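# Topology and contacts: notes
Here is what each chain is made of, one letter per residue.
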Amino acid sequence: MPQRTLIQFFHWYTPEGTLWADAAKEAVALAGMGVTDVWLPPAYKGASGAGSVGYDTYDLFDLGEFDQKGTIATKYGDRAGLERACAALREAGLRVIHDVVFNHKMGADDTERVAVHRVNPDDRTQIEDETFDANVHTRFTFPGRGGKHSKFEWDHKCFSGVDRLEDPQEDGVFRIVNDYGEGEWNEEVDEELGNFDFLMGADVEFRNRAVYEELKFWGRWLAEQVPVDGFRLDAAKHIPAWFFRDWVGHMRESLADDLFVVAEYWHPDMDSLLTYLDRVDQQLALFDVALVHRFHEAGLAHGDFDLRTIFDGSLVARAPEHAVTVVSNHDTQPLQALEAPVEDWFKPLAYALALLREGGTPCVFHADLYGASYKDTGGDGGEYQVDLAPVPSLPKLTQARQRFAHGAQTDLFDGPQCIGFIRHGTAEAPGCVVVLSNAGDAGVRAELGPDHAGATFVDWLGHHDAVVTADENGGFDAPVHGESVSVWVRQDVAQ
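Below or above, wherever it landed, is the structure these notes cover. (Residues numbered from 1 in each chain as written. Predicted model: local features only at pLDDT ≥ 70, side-chain atom pairs only at ≥ 80, totals over all residues. Heavy atoms only, no water.)

### Overview of helix α8 (residues 347-355)
For α8, the tally of buried residues reaches nine of nine residues, placing the bulk of the element in the interior. Taken together, the buried positions of α8 are Lys347, Pro348, Leu349, Ala350, Tyr351, Ala352, Leu353, Ala354 and Leu355. (Buried < 20%, exposed > 50% of the residue type's maximum accessible area, 1.4 Å probe, protein only. Helix = DSSP H or I, 4+ residues; strand = E, 2+ residues; numbered from the N terminus.)

Structure below.
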């Protein structure tokens, strides 16, 4: 079986109306490149309609089928286009990963008059004793869908908090008085801001049994509409761990026991991630946030960054079987909320470290493969044009994962500005020697053993034009140009 390799097949500024068609068109090429799993964006109707990226969830059961929020299609296309995309991906041998946004709902169809508590937004554990009545956006009836697929309607009992009131009009964080938790937020969420249950919009109340069952039903329903091979779970740090523990277990029992599931618990602290993994019974993977930050820092520092420390504090170093390694994503790309872009020169090095090593499951980013161009407003209020170039060596690095990243690994982390590692290969599959430099021309000494005596090696990426011959013991000096990466493979298997 090919080694699992994901692609996030969208970015925040993906143009409207074409993505499902693009996914169908690119399916064969992605499979040929070595991608195995395609993570699609939220496929359901968002509150902002045709322009919604999908994280302002309005109706989970509208896959671009109903006239709601001013549009039938979502940003990515209509339901028929989604079905064609999923079918094409499957036909190409690719697995389909769906984005699950359960934390909140937005774009309510009506308001309700309810009692609420004010909450200190900087410390969510500080909930005022006094209650008062206000109109809140918590009534979701989905009139455009008319009860098709699900007759469930959401009201204030389905939510724990909101960030906007009407009559009186006020923005902030407000705890809805309901029958759950004796006025407290959910437990088993991240402890940032005291309790990070509330994020935005109308915060879903997972302790409501009807909500709990409706979200399980939706997962089963989705798998009856389109192929489902796994899920990416949005905003996991804001959702009680016990819910996703139960939900993932239920999905595996109902759909397939080998579903791939990765949660977005965006936190660089290792103890927080390990605690979360324990709470969900080790059932899923997490994005390696600390490694993203290390890549960002390494790119900015150039030769002043000690490459031997690149994996310090990372999830892939501590729990590789639970780590999904990323270089960029829709939240870290320029002008987005968690902006931490990796410098262009360092991206090939970062992807080599993500794709070619033993540990972790790598995820390629759409904008790094295809490029992106967009305008948006920055945090300072100014408008910026962003042009992201494709990473030229990314297709070959992804191919190299399937062709050469095999066997045991030996690290050659001997100097601060040049590191390498050997994948020794297996009886069935060849290996490689990977060398990276963040300063000038350099190299590492690779000892592969007598089976490689006299063999010649070339750089699979074409960054270095040397042809290197191993000595009688199978050893050779593997060079690399400055601020570059080379993947040395035997010349007789490089064709």
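### A word on the pattern of salt bridges
Counted by the stated rule, this structure contains 29 salt bridges. Residue Glu205 is joined to Arg207 by a salt bridge in which the shortest nitrogen-to-oxygen separation is 2.8 Å. Given the relative accessible area of 0%, Glu205 is considered buried. Relative accessible area serves as the criterion here: at 23%, Arg207 is assigned to the partly exposed category. Here Asp411 and Arg357 are joined by a salt bridge, their closest N and O atoms 2.9 Å apart. Remark: Arg357 occurs in the loop between α8 and β16 (361-365) and Asp411 occurs in strand β19 (residues 409-412); sequence separation between them is 54 residues. Since its relative accessible area comes to 39%, Asp411 is described here as partly exposed. Under the relative-accessibility criterion, Arg357 is labelled buried at 10%. The network of salt bridges with common partners includes Glu65, Arg79, Glu83 and Lys148. (Salt bridge = Lys/Arg side-chain N within 4 Å of Asp/Glu carboxyl O.)

### Notes on the pairing of strand β8 (residues 127-139)
Of the strand pairs in this sheet, strand β7 (residues 110-119) and β8 are connected by eight bridges, and their pairing is antiparallel. Counted as the bridge partner of Arg113 is Asn135 from β8. (Pairing = 2+ DSSP bridges.)

### Looking at the packing of aromatic side chains
Tallying each qualifying case throughout the model produces 32 aromatic pairs. Seen from their ring centres, Phe231 and Trp247 are 4.9 Å apart, and the 65° between their planes marks the pair as edge-to-face. Of this pair, Phe231 sits in strand β12 (residues 230-233) while Trp247 sits in helix α4 (residues 241-254), and the two are 16 residues apart along the sequence. As far as burial versus exposure is concerned, Phe231 and Trp247 are alike and both buried. Put simply, the rings of Tyr44, Phe102, Phe206, Tyr212, Trp218, Phe231, Trp242, Phe243, Phe244 and Trp247 pair up and form one aromatic cluster. Its end group placed over the ring of Trp460, Lys396 keeps NZ or CZ at 3.9 Å from the ring centre. (Phe/Tyr/Trp six-rings, centres within 6.5 Å; stacked < 30°, edge-to-face > 60°. Lys NZ or Arg CZ within 6 Å of the ring centre and 35° of its normal.)

### Structural notes on the environment of Ala236
Here Ala236 lies in the loop between β12 and α4. Placed 23 residues apart in sequence, Ala236 and Leu259 show a C-alpha to C-alpha distance of 18 Å.

### Brief notes about the packing of helix α1 (residues 19-33) against helix α2 (residues 79-91)
Close contact between α1 and α2 brings their axes to 8 Å; oriented N to C, the two are set at 15°. When the interaxial angle is binned, α1 and α2 end up roughly parallel. In this structure, the crossing between α1 and α2 has a hand that is left-handed. On α2, the residues touching Trp20, Ala23, Ala24 and Ala27 of α1 are Gly81, Leu82, Arg84, Ala85, Ala88 and Leu89. Per-class residue counts for the contact of α1 with α2 are eight nonpolar, one polar and one charged. (Axes fitted to C-alpha atoms, helices over the stretch in contact; angles between N-to-C directions. Parallel < 35°, antiparallel > 145°, perpendicular 65-115°, else oblique. Left-handed = near helix turned anticlockwise from the far one by under 90°. Contact = heavy atoms within 4.5 Å. Nonpolar A, V, L, I, M, F, W, Y, C, P; charged D, E, K, R; others polar.)

### Quick look at the sheet that holds strand β24 (residues 468-469)
The strands that make up a sheet are held in pairs by hydrogen bonds between backbone atoms, and each pair lies either parallel or antiparallel. One open sheet accounts for six strands, arranged β19-β20-β21-β26-β23-β24; its pairing is antiparallel. Each edge of the open sheet carries a strand with a single partner, namely β19 and β24.

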